[in-house]
Amino acid sequence: GDEVEEEPFIPLAIQMRMSSMLTYLMCETGKIPLTTSEAVSIIGLKYKMLPERKKILTLEINEHFAENCRKSLADSRGDFVHLDRALPTIYPPLKWVSPRWGGYFSRKTNLVRFTSDPSSTQSILKFTNLKKVCTSLDILGGLPWRVNRKVFQVMEKVWQSGGGIGEIPLNMKTPDYQKRRTDEVTEKLLKEEHALRCEFLLKFNIAKSYLNVEKFFFPHNMDFRGRVYPISPHLNHMGPDFNRGVLEFYEGRRLGERGLYWLKMHFANKFGQDKLQLDERVAYSEAHMELVHKMAADPFKHTQWMEAEDCWQCLAAAFELSAAMKSSKPEEHISHLHVHQDGSCNGLQHYAALGRDTEAGREVNLAQTDRPGDVYSAVARKVAEVIEIDSEDPDHPDH
């Protein structure tokens, strides 16, 4: 069952003839109604002149059809057709049984993501004991998730009100955006905003379509280094702030004393206090508990969470912490929030550990210190020192 499948060889001339026939059929059969008695092709053929009097045939999408697609995409309430990409599953993923079989039941997926020709690497994986790796991926993929309804409702209201907060771009339908189109805004900036809007709407509409799904799952695979990732590319818990803020665990757990401690620390982290000592972060959250309750009760009146770098995770933490602290026994609160922990420059952590480098170890938080290390700030200070020395050297070429 693990044998490597040979890709069928098709001569180039036959590939070109097949492509020509498929293109012709697509142009002939893909039509949209223009009037009650007239239809036009979605895709048309057009010759384009190149330098040196060369002529090529191009495919052009009907502008009327393209405009309708743009309008449908801009309307978050309209029908939305997801790209043919892997989505979260509403059932536990298929267990990995071979390098080419697992994750999805009806979608061919590789265990390892390759950057080069996969056929040679697949043959190596055949003779590798992958049982522990597959078990790990099955455990990660079998963890059920759900949409954080409170956070999503705020996101939806922000989008419908015009956007422009967090990772939510400006909504094309608002007067502010229409005014921007008439102002002196560069075409490049408008295209960048359009790309951000398309990316956001992909994630937003996927989250919306799973809003009433009781629980869903993210099948996982790994890259050539052994790092594991959810296969679903647009909406997953390892994505940016929007993704992490709108998702939560399906199965809640009692906080307990330690869990409440970490929840307070998590809020402080997301509220921009991640350079304090751990106990100081917890104390910061406790000192600002009244603000936490206000933001959770009315996030559009008390908008301090919008100033946070990870504003959606900050809002999700405020909702959860407020609910816990308002209960009669905060330690008994059932929490669904996920608290992320990450290494500090993992590559440098390995180099510092291998080289027994005490100074580098402190900067990447491998050693006990009063304050969290920040290797980027440390490098910036070193560069500033070198610049200062060079600026005082009259013989330096850049003086």
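Residues numbered from 1 in each chain as written. Predicted model: local features only at pLDDT ≥ 70, side-chain atom pairs only at ≥ 80, totals over all residues. Heavy atoms only, no water.

Participant: For this particular structure, what's the right way to read the pattern of salt bridges?
Facilitator: Pairing of side chains with opposite charge becomes possible as their charged atoms draw close. The full count for this structure, using the stated rule, is ten salt bridges. Notably, a salt bridge pairs glutamate 251 with arginine 253, separated by 3.7 Å at the nearest N-O pair. A residue is classified by how much of its surface remains accessible, and glutamate 251, at 40% relative accessible area, is partly exposed. (Salt bridge = Lys/Arg side-chain N within 4 Å of Asp/Glu carboxyl O. Buried < 20%, exposed > 50% of the residue type's maximum accessible area, 1.4 Å probe, protein only.)

Participant: Honestly, the layout of surface pockets in this entry has me stumped. Any pointers?
Facilitator: One simple way to see leftover space: roll a probe sized like a water molecule over the atoms. Taken as a whole, the largest pocket holds about 1800 Å³ of empty space. In terms of lining residues, the largest pocket is bounded by 48 residues, among which His340, Gln341, Asp342, Gly343 and Ser344 are the most central. Those elements that provide at least two residues to the lining of the largest pocket are strand 10 (228-230), helix 9 (256-270), helix 10 (278-287) and helix 15 (375-391). Element by element, the count of residues in the lining of the largest pocket is highest for helix 9, at five residues. Partitioned by chemical class, the residues of the lining of the largest pocket number 19 nonpolar, 16 polar and 13 charged. (1 Å grid on protein atoms, 1.4 Å probe; cavity = no way out; pocket = protein on both sides within 12 Å on 5 of 7 lines; lining within 4 Å. Points joined across faces, edges and corners; volume = space filled by probe spheres on them. Helix = DSSP H or I, 4+ residues; strand = E, 2+ residues; numbered from the N terminus. Nonpolar A, V, L, I, M, F, W, Y, C, P; charged D, E, K, R; others polar.)

Participant: Looking at this model, I keep getting lost on the nonpolar core. Mind explaining?
Facilitator: Soluble globular proteins: nonpolar side chains tend toward being buried together. Counting residues in each nonpolar core, the largest one holds 47 residues, and the members touching the most others are Val246, Phe267, Trp305 and Trp312. Of all the secondary-structure elements, those providing two or more residues to this core are strand 8 (145-147), helix 5 (149-160), helix 7 (187-209), helix 8 (241-246), helix 9, helix 11 (289-297) and helix 12 (311-326). Tallying contributions element by element places helix 12 first for this core, with ten residues. Those residues in contact with phenylalanine 267 that lie beyond four places of it in its chain are Ser285, Val292, Met295, Cys314, Ala317, Ala318 and Leu321. (Core = buried A, V, L, I, M, F, W, Y, C linked by side-chain atoms within 4.5 Å. Contact = heavy atoms within 4.5 Å.)

Participant: What is the right way to read the sheet that holds strand 7 (residues 112-113) from this model?
Facilitator: Sheet strands associate in pairs through backbone hydrogen bonding, adopting either a parallel or an antiparallel arrangement. Reading across the sheet, the three strands line up as 7-9-10 and stay open at both edges, with mixed pairing between neighbours. Bordering the open sheet on either side are strand 7 and strand 10, each of which pairs with just one other strand. Two strands pair when backbone bridges link them, and strand 7 and strand 9 (residues 220-223) are joined in this way by two bridges, in the parallel orientation. Paired with arginine 113 across the two strands is aspartate 223, which belongs to strand 9. Packing of helix 4 (residues 131-141) onto the sheet brings it into contact with strand 9 and strand 10, and relative to strand 9 it is tilted by some 130 degrees. (Pairing = 2+ DSSP bridges. Axes fitted to C-alpha atoms, helices over the stretch in contact; angles between N-to-C directions.)

Participant: Honestly, the pairing of strand 5 (residues 94-98) in this entry has me stumped. Any pointers?
Facilitator: Where strand 5 meets strand 6 (residues 101-103), two bridges bridge the pair, whose relative direction is antiparallel. Its bridge partner lying in strand 6, serine 98 is registered against tryptophan 101. The loop that links strand 5 with its antiparallel partner strand 6 comprises two residues.

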